[in-house]
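What follows is the residue order along each chain.
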Amino acid sequence: MGGAFWALLKRDMLLAFRRRADWLNPLVFFVIVVTLFPLGIGPDPGLLRDIAPGVLWVAALLATLLALDGLFRSDFDDGSLEQLLLSPQPLSVLVLAKVLAHWLVTGLPLLLLSPLLAVVMQLQVVAIPVLLVSLLVGTLTLSLVGAIGAALTVGLQRGGVLLALLVLPLFIPVLIFGSSSVIAAASGFAVDAQLYLLGALFLLALVLAPPAIAAALRISTE
Amino acid sequence: MFQWFHRLAASKNFYRLAEILGPLFGVLGAILLTLGVYRGLFVAPTDYEQGESYRIIYVHVPSAWMSMFVYMVMAFCSALFLIWKMKLADIIAEVSAPMGAAFTFLALATGSLWGKPMWGTWWEWDARLTSELILLFLYIGYMALRASIDNRGSAARAAAILALVGVVNIPIIHYSVEWWNTLHQPASITKFDTPSIHISMLVPLLMMALGFTFFYFTNMLSRARSVILEREANNNWVKDRFRENRL
Amino acid sequence: MLLAQDLAVFRGEHCVFAGLGFELRSGEVLQLHGDNGSGKTTLLRALCTLLPLEQGTISWRGSALPGARAQYFSEMIYSGHSEAIKSDLSPRENLIAGAALRGSDSIDIDAIIERVGLSDKAELSCRSLSAGQRRRVTLARLLTSHTALWVLDEPLTSLDVHGRALVEALIVEHAKQGGSVIYTTHQPLSLDGCDVRSLKIGL
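These remarks concern the structure in this document. (Residues numbered from 1 in each chain as written. Chains lettered and ligands numbered in written order. Predicted model: local features only at pLDDT ≥ 70, side-chain atom pairs only at ≥ 80, totals over all residues.)

Moving on, we come to the interface of chain A and chain B. Counting residues at the interface gives 19 residues for chain A, matched by 24 residues for chain B. Of all the secondary-structure elements, those providing two or more residues to the side of chain A that touches chain B are α7 (128-153), α8 (159-186) and α9 (192-220) of chain A. The biggest single contributor to the side of chain A that touches chain B is α8 of chain A, with 10 residues. Here the residues of the side of chain A that touches chain B sort into 17 nonpolar, one polar and one charged. (Contact = placed C-beta atoms within 7 Å. Helix = DSSP H or I, 4+ residues; strand = E, 2+ residues; numbered from the N terminus. Nonpolar A, V, L, I, M, F, W, Y, C, P; charged D, E, K, R; others polar.)

Structural data, given as structure tokens:
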């Protein structure tokens, strides 16, 4: 079981390195969306500082959503998904490997880039570690929850817009706790509550999402 | 018990039951709604703080309750459908979704109308209104997913999974939004708190709520009947009834 | 080994086939006949549990399927219309990933690649292979795990004469070792020394 998990993780990482657009595009999207806010609102540093946590979190959430559409798409198109479903290994474990690989190539770069954008948005430096931790736990949760939507829509033409419609409402709790942790950190308040709640959401998603993703994939390949 | 359940789940038997219960619930609902509207709008006393405008709760609160109740019905039926492959449960979930969305929209619209005299604005980011808005998104997503999948069996199963994912998320969304609200507006008074509503106001409210529930069941049963007819158009019992003009 | 009883599959309200049954024993080869659209692929996908059955049961070694799924999947392999090959990976990388997914290790990938005649292409990206060569990669996948049942949908697609001889040889060899094969094809295969039965689908 572990062998199949690592083999799938390795295969997907290898594929991502050979197809850079898959992980570069969401990253560039993240940067551009954040850049739009000063241009749309004005360069006032105080104003930017106030909205920075929300803007960074919403942009990260949208970038995650954008990347999610491709999570199962190529496997579905070339028939690899059927082979995945017919594997003797538990499907929940295999989809976990796919989601993890997907997060490593899309979520992790997002995370690493976020301090830079935080500086651009004039966010207080003390809040940056909290931003990183909240994005780490938060984007993992978003990937897990979003993968359910990606699995449900993978068989559909133009599934991308529908995917957004299905999963964005489910992203709201993560957004609330994530951005409020950064707001609290920027104002010098304690952030334990928010981070614990984010952690709880992550654990819940880790347990409940894989079976739902597996069931959804079986339906989408019918 | 289980056998009885299965026999009921056969479309033909359910159809017959729906033919009897639908009109019955319709009459009960009409009586309750008439009584409720009369007592709510004319008999119940004027609120000393909000004046007459509070009377919108007689539509707003039952709609909000129904918007949640219908989602619960949908999720319960989805579970029945996924576990026991009960097609009837899928039909009930399918026809309930647009009604749930309509109740949610009504709750939002009346909440917004109420906001104008209360706060002087059409939209207030109140926790319950926000949760209600997100619930509307969930309903729309459910219907959109169902509409996008051509194969009916796949559409039903995919929608059922989405409904179950949604029902797990609803409490999480609800509490996170409430938490968000108290964080950002610590001093605001939540208008929907009705801890000590007077009995003369409460009775019409409960009548309206029960009336809404009967209205939902009447409407749901008649929609379910037409879906059953559509799906079973090739079965003999439908053909017989059609010939005898008893649809 | 594989027992199918009274199978019926629906597409929406449309019945693709109904009342279909057969038994496949160890060492037997079953060819599915039928016109285009008669439901051959549908039957194969249903046998792999990729499609839900409206009615009927499939049993593997005496136990009914949804329950015995894990054991069934470890003993069967499906090769469908789509190649299930990653264009950005080489044949070798594809086969290694495929074998790991099936939980089989300690297999000689090089020997398998040689068997299907791709030795000189093993390290190239699959994008640069021809359709017939890609089909050979899917044939190689059959050999990466020791499965009892092969389910093959049109295995001859895009193959030349040599490729066709390879498919025939692989099937005969598999049957001789006690394996069974279910396949569809529009061109007759000459499977000497094999117990070939055929099943006609379509109303």
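Where interface size is given, it is often the accessible area lost as the parts come together that is meant. Across the boundary between the two partners, chain C contributes 24 residues, which contact 22 residues of chain A. Where the side of chain C that touches chain A is concerned, the elements lending two or more residues are α2 (65-75) and α3 (91-101) of chain C. Looking at the side of chain C that touches chain A, the element that brings in the most residues is α3 of chain C, giving five residues.

A separate point is helix α6 (residues 161-176) of chain C. Residues and elements named next belong to chain C. A rise of 1.5 Å per residue sets the reference length of α6, with its 16 residues, at 22 Å; its end C-alpha atoms lie 23 Å apart and thus fit the reference within 8%. Listed as buried for α6 are G163, V167, L170, I171, H174 and A175. All buried residues of α6 lie within an arc of 125 degrees about the axis, which places them on one face of the element. Opposite its buried face, α6 presents the exposed residues V161, H162, A169 and K176, each directed more than 90 degrees away. On its buried face, α6 is in contact with β3 (28-33), α5 (131-143), β7 (149-153) and β8 (180-184). G178, located one to two residues past α6, shows a positive phi value of around 90 degrees. (Expected span 1.5 Å × (residues − 1). Buried ≥ 20, exposed ≤ 12 C-beta atoms within 10 Å, placed from the backbone. Arc of directions from axis to C-beta.)

None of this, on its own, says anything about what the molecule does.
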